[in-house]
Structures are given as C-alpha cells and as structure tokens.
Amino acid sequence: MKTNSHEDEKGEKSVQEKSLEVLKTLDPLVIGMPQVLWPRILTFVVPAEYTGTLAHLFNIIRILIMAEERKKLNAKESTALVLSTGAVKLPSPQQLLARLLVISMLASLGKLVGAGAIGLLKIFPDIIHPKLVDLWKTRLPELLQPLEGKNASIALWETMLLQLLKESLWKIDDMAWTMQLSRDFNHQMAGYSNTSTEKKFLWKALGTTLAYCQDTNFVSSQLREFLISPSQLGDQRQGITSILGYCAENQLDIVLKVLKAFQDREKFFVNRCKGLFSGKKNLSKTDVMVIYGAVALHAPKKQLLTRVDQDIVSQVLFLYTQCCQILGMSLMNKDMDLQMSFTRSITEIGIAVHDAQERGFQFSYKEMLLGYMLDFIRDEPLDSLATPIRWKALIAIRYLSKLKPQLSLKDNLNILEENIRRLLPLPPLEKLKNEGQTDKDKEHIKFLYERSMDALGKLLKTMIWDNVTEEECQEMFNLLRMWLVSQREWERERAFQIMATVLTNDVQAPENFKIGSLLGLLAPHSCDTLPTIRQAAASSAIGLFCIKGINLEIERLQGMQEGLESDDLQVQTKISTKIAKIVSKFIPSEEILTFLEEALDGLESLNPTCTTACGIWMIAVLKEQGATLEDQLLEILNTIYHHMPVLRQKEESFHFMLEAISQITSFHTDAVVANILQKPLPFDRDTKTLWKSLAENPASSGKLLRALIDKLENELEDEMITMESISVACAMHEVVSTGTPVSGLYPELFTLLLKLVSCALGQNMPTTALSWRRQVMKQGEMQQVADPCRLSTITLKCVQAQAMKEGLAKESDEGDNLWSLLSSSGTHHLGVCALARSMAVWQHGIILDIMDHLFLSLTSSSENYRITGTAFFSELMKEPILWKHGNLRDVLILMDQSAWDSNSTLRQMAIRGLGNTAFGAPHKVKKHKQIMLESIIRGLYHLARTEVVCESLKALRKILELLTDRDVSFYFKEIVLQTRTFFEDEQDDVRLTAICLFENLASLTGRRWKLFFAEETKKSMISFLLHLWDPNPNIGAACRDVLIVCIPFLGLQELYGVLDYLVEGQDLPRARDFYRQFCVKLAKRNQEILWILHTHSFTFFNSTWEMIRSAAVKLTDAIVLNLTSQYVESLDKEQLTTRLQALREDPCVSVQRAAEVALQTLLRRCKEISSSL
C-alpha cells in the first residue's frame, strides 16, 4: 500500500508539472480557445490545491477579459464572456473576492501572483458586485501606487487592502452578501499555512467583514464558535485575536458580551471537561488576555474609554490573577508565556487608551499596571538576556506613562531609574551572546539586546519630553549621568545610544529648556574610545540644538559625524574641533556657565581622549562667545577656581583650564584682572601659575600688563598704599618674570612701581589681607608677616631685570644691594639714587617719559614720595642731554625749594641735585649761583644730620669749581668757617669732604679774603697734620694735599721738602720722625705757628681715634723739642705733665709709648732751661 501511494503521489506531481508547463505556453486567444477556457478557468482560482498555478491562471484570465474589452469597443455586438455555462460550478463572487484579496497581500512581498490578484480585482468589479464598479475604478489605481517601482510596506499594504474591503462592504450594503463573504473567508482558512502572510491577513479580513455585518446574531454566533473551537483557525491565539480584534472596530459591544459569556461558560468545570474529553484544544486564560488587548486596540475610540476599566482591564487583571493563584494563594507566576501575554495585552490597552484619551479622562489602573511591569523587569537576571520580557515590559511602561493621571516627578524618576539599573549594567553584548549555544541563539540574543535598548531609549524619550517643565526634564536626564561617564565602555555605549534616541529632532523641548549642561556632558565623548559612543555623542550634541529649534548646518554636521568612525585620534580631534566651532556660536549665552561647569567636571574625571575633546570644546565656546559673558564673569571665574586644585594634578586638563581663563581675559581683561587680584596675599601656587599663564598666552598677554598698570595707577591716585596695589605689584612680578616685554610700557610701569615702593615704606600689611593658609602653623613656627615694601621692591627688581634684557636700563653700581637700600626707610633715598644711575641715558625717549611721569612726585603731598622723586631727579641733574630735552629747569626750581624743607632727607637729596647741576648744566649754576649757594650753605647748619652737612659740602665742592672768587666773595667767609667745623667730624665722608672743600677754597680767596684764609689755615693746621695719620687713608692723602695748597698762605714754602715724604703711593714715614722734621723747619721759620699748634694739640689727646691720640702726643713731643726757651717757659708744664701722665695709662700701647717719650722730652727741656738759668 505504501509503495502504491508513493507512486500515486509521484504520478500526480508529474501531471501537475506537465499541466503547469502547458499553462505557461498556452495562448488563450487562439481561435476557439476563449470559449473553451471561459469561464471554466475560474473554477481553478479558489481551490487551495491550485495555488501554485495562480500566477499563470491570473495572466490567462486577464488576457481573456482585456481581449473581450477590446471587442466591445470595436463591435456593436460582442461575444461577451458570461458566467452561465451549464453544468460547470463556478466560484461565487464572495469566494473570488476572498481569494483575490488574500492573494493580493503577496504583492507587498514582490510576488507576481499578488500583483496578478490585484490586477484581476481591478478588472473584476462587475463580476464581484455591480455596485463596486465606480468605487474600484477610483480606489484600485490609488491602491496600486505604493507598488510602483518598489515593494510596499506589508503593514501599509495590509491596511490599504482592509480599507478597500471596508469601503466595498459599506458600498454593497447587503447583509446576506456580507454574511456569505465571512463564511467564505472561514472556508478558505485551511488553504494557508498558519505562519503565512496570507493566513494572517485572512484572519484580519474575516474580523473586518464581521465588523461590518449588520446581523448581530450571526456575528455573535460566529465569534462564539471561534472561541469554543479555535483550532479551526490554525494558530488559535493569533487567529482568534485578530478576528475579535478587527471585529471590535465596529462591534465592540457584541465582542465584549461574547467574551464575557465565554469566560462565564469556562468557569464551569463540566464545560472544561467536555472540551478535554472531546479532544478539542480550548482557549486558555492567557489567550483570552491577549484577545482583550487586541479588542481594546481596535475598539472605536469613543466607546473604548467608557468600557476599558470595567469590561477590559478588570477582566485582564482577573485572568492574570487567576493564573498566578496556587491553592488560593497569589504568587508570581514566572511562566514566560503568561508574562508576555499579559504584557502584550497591557501594552495594547495602553496604546488604545492613549489614542482615545480625552481631556479629563483618568486611567484608574495606571499605577497598578506600571507596578506589574516593573516587577517583571526587576525579576529579570542582571547577567543574561534570554527572554524578551524586559523589552516588552519597557514598551508597556512607555505607553502607560503617557496616560493620565500624570505621575509625580518622584514616581517618574523611580520608574526610569529602575529600568536603567536593570538594563545598562548587563554584561557586554559579546559576553551575552556567548551564552547562546547556536548561532541562532546568539542572533536571538542580539535581537533582544537591540530591541531592549531601543525600548529603553524610547521610554526615556517619552517620559522626558512629556514633562512640561524644564526642571523635570533635567532631573530625568540626570539619571543617565553616571552611566555616561562610566568607566566601562559598554555601559557608556548604551547610555549614549539611549541619549541619541532621546535627543532626536522630532521632539519639542519645553519652554526654557537648558542645553548648556547637557552639551558639556555629551560633547567631550565625541573623542571617546568606541566609534559608537563618538557618533552617538555627536548626534546627541547636534540633537540638543534641534530640539531647541536652533537651525544648524545639519547635513554638514552629519557628514562630519560619520568621520568619527575613524580610529585615528587626530582625525577624531579635528572633527570634534570643527563641530565645536560650528555649534558653539548657537549656545545661548546665559547657558555658557552651566556648559563650563560640566566641561570642567569632565576635565577632572574623563579619560585622556575625552579630556582633550572637553578642553577643545571649552576653548571653542569661549572664543566664540567670550564677549557675551560679562554678566556671568564672576560666577564663571569662581567655578574655574573651584576646580583648580584638582585639575593641577592633570597636566593637560590644567593647561586647558589656564587657556580658558586666557580666552576670557582676552575679552574682559580689566574684569578678570580685578577678580584675580582679590586672591589673598601672598599668592598661592595656583594664582601665580594663573598670572604666568595669562602672560604667556597670546590671547591675553597683549592687554594684561596694560590692565595691571591702569589698576595700579588708580590705586595710587591718593598716594596711599592699599592691599589692591600690593596685589597688583605681585601680579606684575609674575607677569614680567615670564619674559613679557616691557618696552612699550616701561616708563609708566617703572614710575608706578617706584611710587608704590615709596608709599609702602614703613607700612605693615593688614592681617585681613593675609591668606588663611598662613594662619595654620606648626607648633613653634613664627608667622611671617608680609612686607608690602619688600614685595613692591621685588617686582621693581624684576621689571628692571627685564628692562636690562631689552636694553632699557643698565646694571646698577650697587649691584643687588640696590634693592636692600631701596626697601629700607633709612636708605631708600640712596637706593633711588642708585636706581636713577642705572637708567640708560642713551634711551632719551624712555628717560624723558619717566621724568614726565615722575615730575609730579616733587610736589606730592606724600613726604616719602617727594623724597623718592627728589632723589631720582638729583641723579639725573648731572646728565647734560636731559637738561637739553627734559624738564630739569622746572625741577631745579623745586629742588631749591626742597633744600629748605624741614625733612632732612629731602633737603639732602635736593642739595645733591643742586650740586649735580654743576655737571649737567654749568651755565645754570652761574646763572642761579646766589640762590643755589644760599640753599646749599644753609645745609651746613643742619648739624643734627651729618648727611645733610656732607651733601652740602659735596655740593659746594662741585659748584665752587665753576665759580670765581668774585662769585663767592659774599659767602666765602661763611663757607670757610662752617667748613672748618667738620674737620673733626666722626663721619669719614664729612671729614674728607670738608678737608677737600677747604683745599678748593684756597683758590677762591682773592685779595679780600687772603689774610682771613691764612688765619683760618693756622687754626686748621693742627687738624691737617694730625689727620695725616687718619684711620681713613683717603683723609690722610687729602690732608697732605691741603697742606701743600695752604702752606703758601703762611709763607712756609720751606716745609715742602718735608711734605715730599708724604708722596702718594709711598709708605708713610714714621709720625715721630715726620713731626720732628716738620717742627724743626717750622721752628726756624715761625715759632708762633708752632706755639699755636701746641695750644690746639691738647684737644686731640681725648680723640676717639687711637692713631690721632698717638699722633697728637708725638706732635707735642716734636713741638716741645723745638720750642724756644721763651716759649718753653710759657708752657703750662703742670697741665701738660698731668695729661701726658694720664696718656701713659691709655689702652693703646702706641699712645702709652708716645706719652712716655713726650714726657721725657718735656722733663729734659725743662731741665735744660733750668740748668741754663
């Protein structure tokens, strides 16, 4: 039997193949053939066994009908094809329509048979039903449009065919005809496989037909039959779901009644047993849940909202609860089919309610259903992705979230956070796929992964943009922050893919939605390690602007975005830079701060490549929008400062931060400078680095020094030291120490810093200005109080060093000691003089500018500043070139006035300036000799300050060299007398200068003062002789010179021979020998002068200098030895003896010996005189 059966099948198949070959080659228009074929050929259209021949059958039928149509046009009578052919049983119009509609679905798959079926429908309307001719004439061409050139979407094509069916049934409006069509759809059910496209469409067509059937009893009976015996539909769940769902479009009440009746029937145990014993497979509760979802999805919107809670959702929940009960106890049933079916039903209900939702409608089951879905997601493992539960539950949550009542922000955040935490931490996709045993399993896991991520992205997109306030949107975005910066690549990748889904250009952001923070978070990842992250980050960044309605060069940006697939870091950086330049100009200026805050956070925590991108974006934004940041400047700077300590640990990040401040400074130099100057003193390392960076960066360096100068000038306007002025000085030090050129600003810079040093003399730094860091000291550590003058001097020193490099100044003759002199109150004026001498006089223009800026110091209300200015100009007075081009004529007048000032230092410097005028402008000395001499001579009376006296003596020396005896005649006596008073001054410089001046005066005696000068020389002789052995050898040399010059006034030229022993450059002779030789010569010439020397020598016995005491004793010895007897008798021997005896006890051995010798000489002379008598 098996062999025969097999042979029969083989034979039948062979016959079919031969028949098909015949059909392919058959010419239906051969004479007599149309009459043979028509209408018999129609009998082969409906039977399922001829499905394989339909394409050729449809072609033959089309040819026959079109040929007949041509005959109608050419002949008054045609041999019209008719359906009445006697015994041949032809298919009914309903059968043809059912068959052709179902086969037409294949057109969407590109199958020729589907196009043939729709082609037949186009030419069959009168055969199907006369009322369809006009309708199909217009509708079928429209139906065919999606098929032109390409395959239509299956869903779209299905919808169009079902719509054609609806309109056709409405047009026919024949209850019996419609009922028969539904029966024919049902009869053809077995002709298609359960998974075929045709079968799925047939279910929907049958449901649609029942929906438009006017006989409610018929509809009810049909639906009841399908529910009781679903196996006839093939795939009973999908079939019954489609039928009842599409039927509910127009028969909702009937469908719900039938479902309710079916549920009530199934409650009875007997009925369930009947089904079991009859061998029929009944619908499960799970199947019914799915049906309710489909019914809700297709129900008329106006009817749904009134029925959904009580008649649909409550029934679904009841069914699900029953499935979860075991022995009356409710437990979570982990049956995947149950969970999937319940989720599907809830999703479809959510979609339906959302589409039908009206104002005021509140879906009472929303929170409960959300809870079920979240439970499903929570119950899924975190290390695998084997089921589609997550994916489907996320879809359900998305649609439920859209329904009213609106959940609180907290509830929404909890929902999103829960879903994110259950999906993003999954292992990498490759690891998940490895759990699959076959390639198919792996592909399935990949499919679930992609769908789950897409569902999560859409959920976030829905929940974020359904919020009406900007704050709530930002709160939801914040849920992704930790994942966007995760250390795990796969977690970052998922987070960015979700973000790219959320930030598409088809959404509308709430009013006032801020993009700055999100942009700062997303943009740096355009250089992340994975190309998927890079592209998603760029896409998200661009999307931010789109949702704000900001028009960007989308196509150009998208083209750049594609380039981020490259693994070349340089390419990535270049593209990211280009994107940043394009979009940065569109960032709202009020959001720059939040962008920068996020970017700075990124510089702290992101990986190296993202850090680079972060810095690039930050700099690009500041370059483009820096000018608009004035109102936010303080907050921006404070934000940057807050990040400095951490960023210092990352070199590249710290560099970007410094570059950012430089860019801001290039737009708002004064404001940034003022802000940084508020940092406490002494500046910490970060602040110093900041100043140096601003100085070195081309974007800010050009304006920086100018801003600091202007700031210092304002601070010193009242000639009072302030903390701000010291801060400016410290900032200048950091700036100039980087090598910043000072040539263009040197005159202002120099004079302002000199003024600051002057004003800071002797001042203390207020404790409130000190950095709090100084207050934290180790035990036993002394707090070092900052010296404002020292800080200012250090800055001036730095500026001078740079000036020397640029050829604007020269090395000081004081070396580094200059700065110690300058910063001390007692020696400041000397430091200023040394500083003035270091000026490069050949730089005429610069020196003249300095003089112009410093001129006001001469009339300043600050005594210190007047001293500073006067000291500086006192040195410049010696430069002839400055007299020629400068303002020294006016300075001379002010100098003369200051020479009478009560401040001794000011008088000293003024007198020095008057004296130096002799070198710079000799003609001025001669012109103003009277006022200058009076001012200088007055300084000789300032006995309390030898500095003034010394300066006056020096000035007189300089000036007198330019004057004649007639010029100084009126002042000669006064000068001589005052000069003599300083021969014994304790200050070497005063003694030396006085002795030299006395020598100069010898040339100015003239006739009038010659005798006077001779007398004064006699009185001064003792000083000159004794100080030949002055501790200061220069003074000894000066005494030699003055003796040589003055001896002629006494007529003692014979003494020149003795003085020759004192030739400069040779060792001095022994004092005793010199004095004895000198006194021998003098005794022969003038005993009176010898006696005068004796009478004046007693004074020097008490000299503080040992050498002078010794010399005085030795000179006394020589005098006593050479006095005549007459003068010896006149000696006060008792007094002299007493004094010499006292000197024998002198601490100095030399004095003791000299006193002993002198005492012996005195006793011997006295004895000689006594014996002669």
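Residues numbered from 1 in each chain as written. Predicted model: local features only at pLDDT ≥ 70, side-chain atom pairs only at ≥ 80, totals over all residues. Heavy atoms only, no water.

Caption draft 1: Focus on the overall build of the protein chain. Per the secondary structure count, the protein chain includes 59 helices and two strands. Long-range pairs, those at least 24 residues apart, make up 74% of the contacts in the protein chain with a sequence separation of at least 6. About 53,100 Å² of surface is accessible on the protein chain, with carbon and sulfur atoms providing 51% of the total. (Helix = DSSP H or I, 4+ residues; strand = E, 2+ residues; numbered from the N terminus. Contact = heavy atoms within 4.5 Å. Areas by Shrake-Rupley, 256 points an atom, 1.4 Å probe, with all protein chains shown as cover.)

Caption draft 2: Expanded view of the nonpolar core. With 392 residues, the main nonpolar core has Trp465, Trp691 and Tyr746 as its most contacted residues. Per-element tally for this core: the top contributor is helix H12 (residues 236–267), with 13 residues. When sequence neighbours within four positions are dropped, the list of residues in contact with Tyr746 reads Val799, Gln800, Ala803, Leu808, Ala809, Met839, Ile846 and Ile850. (Core = buried A, V, L, I, M, F, W, Y, C linked by side-chain atoms within 4.5 Å. Buried < 20%, exposed > 50% of the residue type's maximum accessible area, 1.4 Å probe, protein only.)

Caption draft 3: Spotlight on the pattern of salt bridges. Under the criterion given, the structure shown has 43 salt bridges. For Asp311, the salt bridge goes to Arg307, with nearest N and O atoms at 2.5 Å. Placement of the pair is Asp311 and Arg307 together in helix H15 (residues 301–323), with a separation of four residues, close to one helical turn. Notably, a salt bridge pairs Glu380 with Arg390, separated by 4.0 Å at the nearest N-O pair. Of this pair, Glu380 sits in the loop between helix H17 (366–378) and helix H18 (389–401) while Arg390 sits in helix H18, and the two are ten residues apart along the sequence. (Salt bridge = Lys/Arg side-chain N within 4 Å of Asp/Glu carboxyl O.)

Caption draft 4: Fine view of the layout of surface pockets. If you add up the space inside the second largest pocket, you get close to 490 Å³. For the second largest pocket, the lining is made up of 20 residues, of which Thr241, Val290, Arg344, Glu348 and Lys392 are closest to its centre. Those elements giving two or more residues to the lining of the second largest pocket turn out to be H12, helix H14 (285–298), helix H16 (336–356) and H18. Take the lining of the second largest pocket: its biggest share by element is seven residues, from H16. Looking at the lining of the second largest pocket, its residues break down into seven nonpolar, seven polar and six charged. (1 Å grid on protein atoms, 1.4 Å probe; cavity = no way out; pocket = protein on both sides within 12 Å on 5 of 7 lines; lining within 4 Å. Points joined across faces, edges and corners; volume = space filled by probe spheres on them. Nonpolar A, V, L, I, M, F, W, Y, C, P; charged D, E, K, R; others polar.)

Caption draft 5: Expanded view of helix H50 (residues 988–1001). With 14 residues, H50 ought to run about 20 Å at 1.5 Å a step, and its terminal C-alpha atoms sit 20 Å apart, in line with that. For H50, a buried count of ten out of 14 residues is recorded, marking the element as mostly surrounded by other parts of the structure. Residues of H50 that are buried: Val990, Arg991, Thr993, Ala994, Ile995, Cys996, Leu997, Phe998, Asn1000 and Leu1001. Each element contacted by the buried residues of H50 is listed here: helix H48 (946–960), helix H49 (965–980), helix H51 (1010–1026) and helix H52 (1033–1046). (Expected span 1.5 Å × (residues − 1).)

Caption draft 6: Summary view of empty space enclosed by the protein. Evaluation of the coordinates by the stated rule reveals one cavity of 30 Å³ or more. Within this model, the largest cavity holds a volume of roughly 40 Å³. For the largest cavity, the full set of lining residues is Lys366, Ser401, Gln406, Leu407, Asn412, Thr462, Met463 and Asp466. For the lining of the largest cavity, the per-class residue count stands at two nonpolar, four polar and two charged.

Caption draft 7: Fine view of helix H32 (residues 651–667). Spanning 17 residues, H32 covers 25 Å between terminal C-alpha atoms, matching the ideal 24 Å at 1.5 Å per step. Burial of H32 is extensive: 13 of the 17 residues sit out of reach of the surface.

Caption draft 8: Up close: unusual backbone geometry. Cis geometry is adopted by the peptide bond preceding Pro405, which originates at Lys404 and carries an omega value of 10°. We note that Asp173 has phi near 50°; this positive angle belongs to a residue other than glycine. Inspection of the secondary structure assignment puts Asp173 in the loop between helix H8 (154–172) and helix H9 (175–187). Its identity is not glycine, yet Asn512 carries a phi of approximately 70°, on the positive side. With respect to the secondary-structure elements, Asn512 resides in the loop between helix H24 (489–502) and helix H25 (516–522).

Caption draft 9: Geometry of the packing of aromatic side chains. Taken as a whole and assessed by the stated rule, the structure comprises 29 aromatic pairs. A connected cluster of aromatic rings, assembled from ring pairs, spans Phe972, Phe983, Phe998, Trp1009, Phe1012, Phe1013, Phe1024 and Phe1049. Lying over the aromatic face of Tyr641, Lys679 brings its terminal NZ or CZ to 3.7 Å of the ring centre. (Phe/Tyr/Trp six-rings, centres within 6.5 Å; stacked < 30°, edge-to-face > 60°. Lys NZ or Arg CZ within 6 Å of the ring centre and 35° of its normal.)

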